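# Understanding the architecture of this molecule
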Amino acid sequence: MVKIGVLVSGGGTNLQALLDAQARGELGPGEIALVVSNRKAAYALERARNAGVKTAVLSKVMEPDPAKYDEKLCGILAENGVEMLALAGFLGIVGEKVLAAYPERIVNIHPALIPSFCGKGFYGLRVHEAVLARGCKVTGATAHLVTAGVDEGPILLQKAVEVREGDTPEILQRRVMEQAEWEILPRAVRKIAETIEEEKRK
Ligand code: GAR
């Protein structure tokens, strides 16, 4: 098995998609071993507990220094034997120690078709507000590898979603989640888990 760590900040619907995929046997050799939140009130933590998955909280309040935060997060992941990471609505920054510990082993889900509507400041509802303000007719989601630049890592999977007349940012966000994010994040996670499993066999 390949131990997956999931980093979260909010509602955790993408975490739920991963948990559901695992329950259906769709994560291949991947096994969700730990969920870490940078917000102690994140509902995602509840979802993890309900599924019997171990949780941890590491917030900016608990560790305001970014370098120490990075080090502590690295420690928590190592202690739990985490071999790869999924950022599932994680709105923190992944520091250089974590990046170095998991090269090509961290996947992020972004709620737009990268390179559109990505990078600094584009997260959550803001992305969908910008898509609607620009009058786009198509948007979607992207699963990509995480590197030092925000939303700049290699693209693994993308799926397009139609923008409809009368959409609000909330309605569009929900459609992008249902039709794209919850489908491609588990597929991307499985892909990386399979690569790790293959490497172990060599
Ligand atoms: C998701 O739409 C995710 O794509 C987005 O935040 C939401 C979290 O929802 N992530 C970003 O904007 C990252 N730049 P969730 O907590 O219900 O999965």
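Everything below is about the structure printed above this text.
Note that residues are indexed from 1 along each chain, following the sequence as it is written. A pLDDT threshold of at least 70 governs which residues receive local features in this predicted model, and a stricter bar of 80 or more applies before side-chain atom pairs are shown or counted, although totals over entire chains, interfaces and linings include all residues. With hydrogens and water stripped out, all remaining heavy atoms of the structure feed into the side-chain values.

### Quick notes on helix α5 (residues 125–134)
Short version of the rule: For every residue, the accessible area obtained with a 1.4 Å probe (protein chains only) is divided by the maximum for its type, and the residue is called buried under 20%, exposed over 50%, and partly exposed between those limits. In this text, helices come from DSSP runs of H or I with a minimum length of four residues, and strands from runs of E with a minimum of two, each type numbered from the N-terminal end. This arc corresponds to the set of directions leading from the helix axis out to the C-beta atoms. Whether two residues are in contact is decided by their heavy atoms, any of which lying within 4.5 Å being enough.
Within the span of α5, buried status applies to V127, H128, A130 and V131. Here the buried residues of α5 occupy an arc of 160 degrees about the axis, which is enough to place them on one side. Looking at the packing, one finds that the buried side of α5 touches β5 (106–110), β6 (138–145) and α6 (169–201).

### What to know about the pattern of salt bridges
Side chains bearing opposite charge may pair, as long as their charged atoms lie close to each other. Stated precisely, the cut-off is as follows: Each reported salt bridge corresponds to a side-chain nitrogen of Lys or Arg within 4 Å of a carboxyl oxygen of Asp or Glu.
By the definition in use, this model includes 12 salt bridges. The partner of E46 in a salt bridge is R49, with the nearest N and O atoms 3.6 Å apart. Here R49 and E46 lie together in helix α2 (residues 43–50), a separation of 3 residues that amounts to about one turn. In this structure R49 comes out as partly exposed when scored by relative accessible area, which is 47%. Of the charged contacts in the structure, one is a salt bridge between R164 and E162, with a shortest N-O distance of 3.3 Å. With relative accessibility at 45%, the residue E162 sits in the partly exposed group. Bridged by salt links that share partners, the residues K159, E183 and R187 form one connected network.

### Structural notes on the packing of helix α1 (residues 13–23) against α6
Our working rule: Angles run from 0 to 180 degrees between N-to-C directions of axes, and those axes are lines fitted to C-alpha atoms, restricted for helices to the stretch in contact. Geometric relationships in this document are graded by angle, where less than 35 degrees denotes roughly parallel, more than 145 denotes roughly antiparallel, 65 to 115 denotes roughly perpendicular, and other angles denote oblique. By definition, turning the near helix anticlockwise from the far helix through less than a right angle yields a left-handed crossing, and turning it clockwise yields a right-handed one. Under the scheme applied, nonpolar residues are Ala, Val, Leu, Ile, Met, Phe, Trp, Tyr, Cys and Pro; charged residues are Asp, Glu, Lys and Arg; polar residues are all the others, including Gly.
Following both chains from N to C, one finds α1 and α6 inclined at 55 degrees, their axes separated by 9 Å at the closest point. Overall, the two elements α1 and α6 adopt an arrangement that is oblique. Along this stretch, α1 crosses α6, giving a crossing that reads as right-handed. Contact residues: T13, N14, A17, L18 and A21 in α1; M177, E181, W182, L185, P186 and V189 in α6. In the contact of α1 with α6, the residues fall into 8 nonpolar, 2 polar and 1 charged.

### Here's the deal with the sheet that holds β5
Cut-off, in case you're wondering: A pair of strands is considered paired only if DSSP assigns at least 2 bridges between the two.
Taken together, 7 strands build an open sheet; the order of strands is β3-β2-β1-β4-β5-β6-β7 and the sheet is mixed. Taken across any chain shown, the strands that pair with only one partner, and hence form the sheet edges, are β3 (54–57) and β7 (155–162). For this sheet, the mean inter-axis angle between neighbouring strands, taken without regard to orientation, is 20 degrees. Here β5 pairs with β6 via 4 bridges, running antiparallel. Pairing of N108 across the sheet is with H144, part of β6. Running at roughly 155 degrees to β3, α2 makes contact with β1 (2–8), β2 (30–37) and β3 of the sheet. Lying over the sheet, helix α3 (residues 66–79) contacts β1, β2, β3 and β4 (84–87), oriented at roughly 150 degrees with respect to β2.

### Some remarks on the pairing of β4
Side-chain alternation along β4 places M84 and A86 on one buried face and L85 and L87 on a second face that is also buried. Where β1 and β4 come together, 4 bridges link them in parallel fashion. Each residue of the ladder has a partner; that of V6, found in β4, is A86. Strand direction decides the pairing type here: β4 and β5, joined by 3 bridges, are parallel. Residue pairing in the sheet places A86 in a bridge with V107 of β5.

Without other data, these values stay purely geometric and don't point to any function.
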